[in-house]
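The residues making up each chain are set out below.
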Amino acid sequence: MIARALTTLLLMFLAAGHPFACAATGLAGSPAPGPSTPAPLLADYTHTAWTELDDAPMGVTKFAQGPDGWLWIATPTGLYRYDGVHFERTDTVYGHALYSSNIMALATAPDGAVWVGYRVGGISVFRKDGTHTYMERDGIRPVGVMHLELAPDGAIWAAMRDGLAVLPPGGNRFQYLAGEAGLPTRGVFQILFARDGTTWIGTNSGAYFRKPGQARFTHAWPRTALVWLAEAPDGTLWGNDFEHGYHRVRTAPPPAGQPAGPELAGVGMYFDRRGTMWITHADSLERRVAPHGPGRAEQFLSTLNGISGALLGAIFQDREGNLWIGTSRGIDRLRPNRLRTVPVSTPLEYPVLAAGPDGGMWAGDYARDLWRYSPDRRIRREVPGATTASYTAPDGTLWLGGMEGIVRRAPDGTLATIASPEGLKGMRVHAMQQDRDGALWASFNTGTGVYKLAGDRWVKSGGLPGIPELLTTSMARDGAGALWMAHVRSQVTVIDGGTVRRLGPGEGLTLGTVLYLCFDGKAGGGTMWAGGENGVALYRNGRFTALQGRRNERFRGVSGIARLPDGDLWLHGADGLYRIAAAELDGWLNHGRAVDFERFDARDGMQGHAAQLRPVPSLRRSRDGLLWYATTGSVGTIDPAGIARNRLPPPVEVTGVLANGTHHAITRHVLGLPQGTSSLQVDFAALSLSIPERVRLRYRLVGLDRAWQETDGRIGRRQATYTNLAPGDYRFEVIAANEDGLWNMEGAALEIAIPPTFVQSAWFKVLLAMLALVLLYAAYALRIRYLTRRMHDRLHERLAERTRIARTLHDTLLQSMQSLLLSFDAHSRYLKEGTLERTRLDQTLDLAERLLVEGRDQIMELREGAPEVLELTLGQYGKGLADHGPHAFDMRVAGTPRPLRPAVHEEIYAIAREALFNASRYADASRIELDLEYGSRAFTVRIRDDGRGLAEAVAAAGHRPGHWGLVGMRERASCVGATLEIASKPGAGTEITVTLPARKAY
């Protein structure tokens, strides 16, 4: 059967293609296709096919799309969903498991519920808050579910192999409608709710209908198996008979004599929202342009022109207007084009756009004649012969260049041929333009300069010096009438009367080959647009400035430029057709901002790309406001005032989270991740299915990202990756825009919480800080102890050396001097007292004794050491005094010794030394005690002796006449803020106490 269908389809193609072959070889004036001839299917739609090589599902039984934008795809091998980039097989819906992977029926509800009917029996409904599978206990018998349909009142109707089951709105149990409702009990395949309220049921015994208000169904005509029902825009109902034939279904018997057989061939039928009829065949899809008559070859999508596979099954139109078709090998999508390709019988070869005298558009090419066109067809041949360049004069005269010369078509249609300059016959005309005097200038593809038509002869360079002999690619006149010529190597020549001026890189022109020049009166009188290999530039104020686009767009290969009355700028280049809004262009002109733009290319129906040398321009505007563009093999149009727009912002959803290599299910808007999570990958989807390559997505992780990050839709990357995350609370946000820049600003959001590990917690940080302080203090204490030990060692060494020197001096020099003094004293006794010699000798001995005392004092100073450590130096000093006196010495230290302030240390040391010295020399004490108390509130020095005490007169006066030791001690104590107290009684000893507050002492 399939082979027979393929043979029949091939014959249909051959038969349909025959008239077009004749038209291609027709003569001038032969009839063109009529106004009712539709464009080829693939001129109105962009076709995309996915097969198993693209991981696409195969053998699709049903498509469905819910309000969230996901395209759900049911197959016998599982349930799939599509987000515009990836086909994803899923065993769950909203996190709930499917009952079976063999799925036949599928439907979605406005509340987001997804209904699934299994081929092995059972119906499941999935909602975000739960799921339920209806089985025998819920009124469903264990047989296959063929079709699910949501009724206008919210009920769920299920076509089953054993009848029709209905779940009432709000009900929890299905009920079968069988004999009492007038329906068969076996072989129900489809439910259709017609626009007039009639309910239609397709079964293997025919179609049944029930009009509003009726209780029972009625058997319709013809009474044969009718299983794929479809309602046409005019209300006609069509049904398939299982034999690849479609019948017109009626509620009453057909008129007598009318044939009862099928009227159309096909396996399935579908009417889209525009009312277009689509018919599926065994191995092709047909856009049916008329219900009757043979199909047209150019209206088929088949294995001959790229369909994914044979055995077409489900067909569906999504909310954005795309048509989806399932085949045995994959899935196909037909997207309505925004650009309209003009239908032609034979492909064009480098078409030329010419402005007709009436403002319409004419087009020719390198191989054929010049024709008048409308957007949907070729109308009439105007000028025979191939065309490579054109120029329309203000008076309507049309100049056409080819390989044999130039044809001049007068406004009245008269044709005249002008031969090419001598030696250039057979060379293609590249560009033409009249100067302000009406003389025609022309360039040829030889690169030997330009020629001016003076009367009936050609003058090279118009007789002007300075015009380069470079290939001239385009010509234009500015607002003052000067003639501009574009060349290769970023060169432009301006001819103003008899003056020739050259512009190039020195004036900022860096376009490589300049392809097209266009005067723009809206940008100023002296401005000129230049399009070239490397972009677009505007000449004004004596320099060229390159047009900068956002996202680093260069606008390369532009060979057509048009500035519309509303200020929009249109460019046609190597990468498509660009629209730059007037506001964006003003921002660039006045402030130098990069322009945002809209691009139309193959995804919008463009076939080929703009010419990159000739013919130019590749873009023109007709008098009716349409923009016409030419590629290397086609001509198309777009209406700037009526561009088809996608008015649906894309739904956005966070689809998955991968943390530290582990997937985490998203069941709520707050996701708690394990402790120690440092790497995070968030997957998301923007559910725009028309042109997902142009979907723009922006995301940010609040708490880390300072600004939005944007993905590149062309490569389909829809995930965000983060590393080295710290613990904390984050909010991931994502928004998206469709191909028309319509943003879903609400987007999707996911709260993410990463608890800290113990080592990341605040307590651990506090402990680390405390440990660091302890370690620092320990290191400091060890260092101080080490330095103190070294200082003590050095002091001991110095004191030992000083003691050794003092002992040596005492045992040698002083003892010898003492012996000498005793010897002199003994000899002095031989002299008579009172004599001059005795007196002088006694005086000398007294002096020597004083010197001896001073020397002993100096030796004591040498033994006492330097006042670096108070308890050490005072202890050494007290012991030194005891070694040379009759008294004992004892020192006691209370508290923890601490360094005193340098000034305090010096004064306390001096006071204590003076007190010890006085007690040793004058107190006649048998014991002297020194107490040092390092208190937290005060520092105290106390010197006690058990000597004779101070005389009452000295205690009252505070000093001994002629001596200033006590006075000096008081003055020193006052200098550092200390108090000095003296307690003494005659015969009871003396106690001197110095007290200094701790805040002043340490």
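Up top is the structure these notes are about.
Residues numbered from 1 in each chain as written. Predicted model: local features only at pLDDT ≥ 70, side-chain atom pairs only at ≥ 80, totals over all residues. Heavy atoms only, no water.

S.K.: Looking at this structure, how should I read the overall build of the protein?
M.R.: Counting its regular elements, the protein contains ten helices and 72 strands. For a compact globule of 1002 residues, the expected C-alpha radius of gyration is about 30 Å, and the protein comes in at 55 Å, more than 25% above that figure. Structurally, the protein occupies a C-alpha span of about 185 × 100 × 45 Å along its principal axes. Here the protein holds 1002 residues, and 49% of them are scored as buried. Carbon and sulfur atoms make up 53% of the accessible area of the protein, which totals about 46800 Å². Side chains of the protein give 110 positive and 103 negative charges; the mean places of these two sets differ by 2 Å. (Helix = DSSP H or I, 4+ residues; strand = E, 2+ residues; numbered from the N terminus. Rg over C-alpha atoms; globule rule 2.2 N^0.38 Å. Buried < 20%, exposed > 50% of the residue type's maximum accessible area, 1.4 Å probe, protein only. Areas by Shrake-Rupley, 256 points an atom, 1.4 Å probe, with all protein chains shown as cover. Lys, Arg positive; Asp, Glu negative; His and termini not counted. Charge placed at Lys NZ, Arg CZ, Asp CG, Glu CD.)

S.K.: So what exactly am I meant to see when it comes to the pairing of strand β44 (residues 472-477) here?
M.R.: As a general feature of sheets, a regular strand has side chains that alternate between the two faces. With five of its six residues buried, β44 lies for the most part within the structure. Where β44 and strand β45 (residues 483-487) come together, five bridges link them in antiparallel fashion. Directly across from M475, in β45, lies its bridge partner M485. Following β44, the chain reverses through five residues before pairing antiparallel with β45; G481 in that reversal takes a positive phi of roughly 95°. (Pairing = 2+ DSSP bridges.)

S.K.: Looking at this model, I keep getting lost on the side chain of Q434. Mind explaining?
M.R.: Counting through the fold element by element, Q434 comes out in strand β40 (residues 429-434). Here Q434 falls in the buried class, since its relative accessible area comes to 13%. Here G438 takes part through its backbone oxygen, which lies 3.1 Å from a polar atom of the side chain of Q434. (Polar contact = N/O pair within 3.5 Å; in protein donor to acceptor, adjacent residues only side chain to side chain.)

S.K.: Quick question: what am I supposed to make of the packing of aromatic side chains here?
M.R.: Given two aromatic rings, their pairing is described by the distance between the two centres and the angle made by the two planes. Within the structure shown, the criterion is met by 28 aromatic pairs. Judged by centre distance (5.4 Å) and plane angle (80°), the rings of Y45 and W278 are edge-to-face. One end of the pair, Y45, is in strand β1 (residues 45-51); the other, W278, is in strand β25 (residues 277-280), and 233 residues separate them in sequence. Using a relative accessible area of 0% as the deciding quantity, one classes W278 as buried. Summarising the aromatic geometry, the rings of Y82 and F87 are spaced 4.3 Å apart at their centres and angled 20° between planes, so their arrangement reads as stacked. Both residues of the pair, Y82 and F87, count as buried. Among the aromatic residues, those joined into a ring-pair cluster are W50, Y82, F87 and W324. For R551, the ring lying beneath its charged end belongs to F597, and the centroid distance is 5.2 Å. (Phe/Tyr/Trp six-rings, centres within 6.5 Å; stacked < 30°, edge-to-face > 60°. Lys NZ or Arg CZ within 6 Å of the ring centre and 35° of its normal.)

S.K.: What is the right way to look at the environment of F758 in this model?
M.R.: With respect to the helices and strands, F758 occurs in the loop between β67 (743-754) and α4 (762-828). The spatial distance from the C-alpha of F758 to the C-alpha of T995 is 52 Å, given a sequence separation of 237 residues. Not counting chain neighbours up to four residues away, the residues in contact with F758 comprise F764 and L767. (Contact = heavy atoms within 4.5 Å.)

S.K.: Is there a simple way to think about the sheet that holds strand β22 (residues 245-249) in this case?
M.R.: As a general point, the strands of a sheet are linked pairwise by backbone hydrogen bonds and lie either parallel or antiparallel. Pairing in this open sheet of four strands is antiparallel, and the strands run β20-β21-β22-β23 from one edge to the other. Edge positions in the open sheet fall to β20 (230-231) and β23 (264-265), since each of these has one partner strand only. Pairing of β20 with strand β21 (residues 237-240) involves two bridges; the strand directions are antiparallel. Bridge pairing links A230 to W238 in β21.

S.K.: Please clarify how helix α9 (residues 965-975) should be interpreted in this entry.
M.R.: Each turn of an α-helix holds 3.6 residues, which means side chains three or four residues apart point in the same direction. Taken together, the buried positions of α9 are G965, L966, M969 and A973. Along the axis of α9, the buried positions cluster into a sector of 100°, meaning they face one direction only. Across from the buried face of α9, at angles greater than 90 degrees, the exposed residues are E971, S974 and C975. Looking one or two residues beyond α9, the residue adopting positive phi is G977, at roughly 80°. (Arc of directions from axis to C-beta.)

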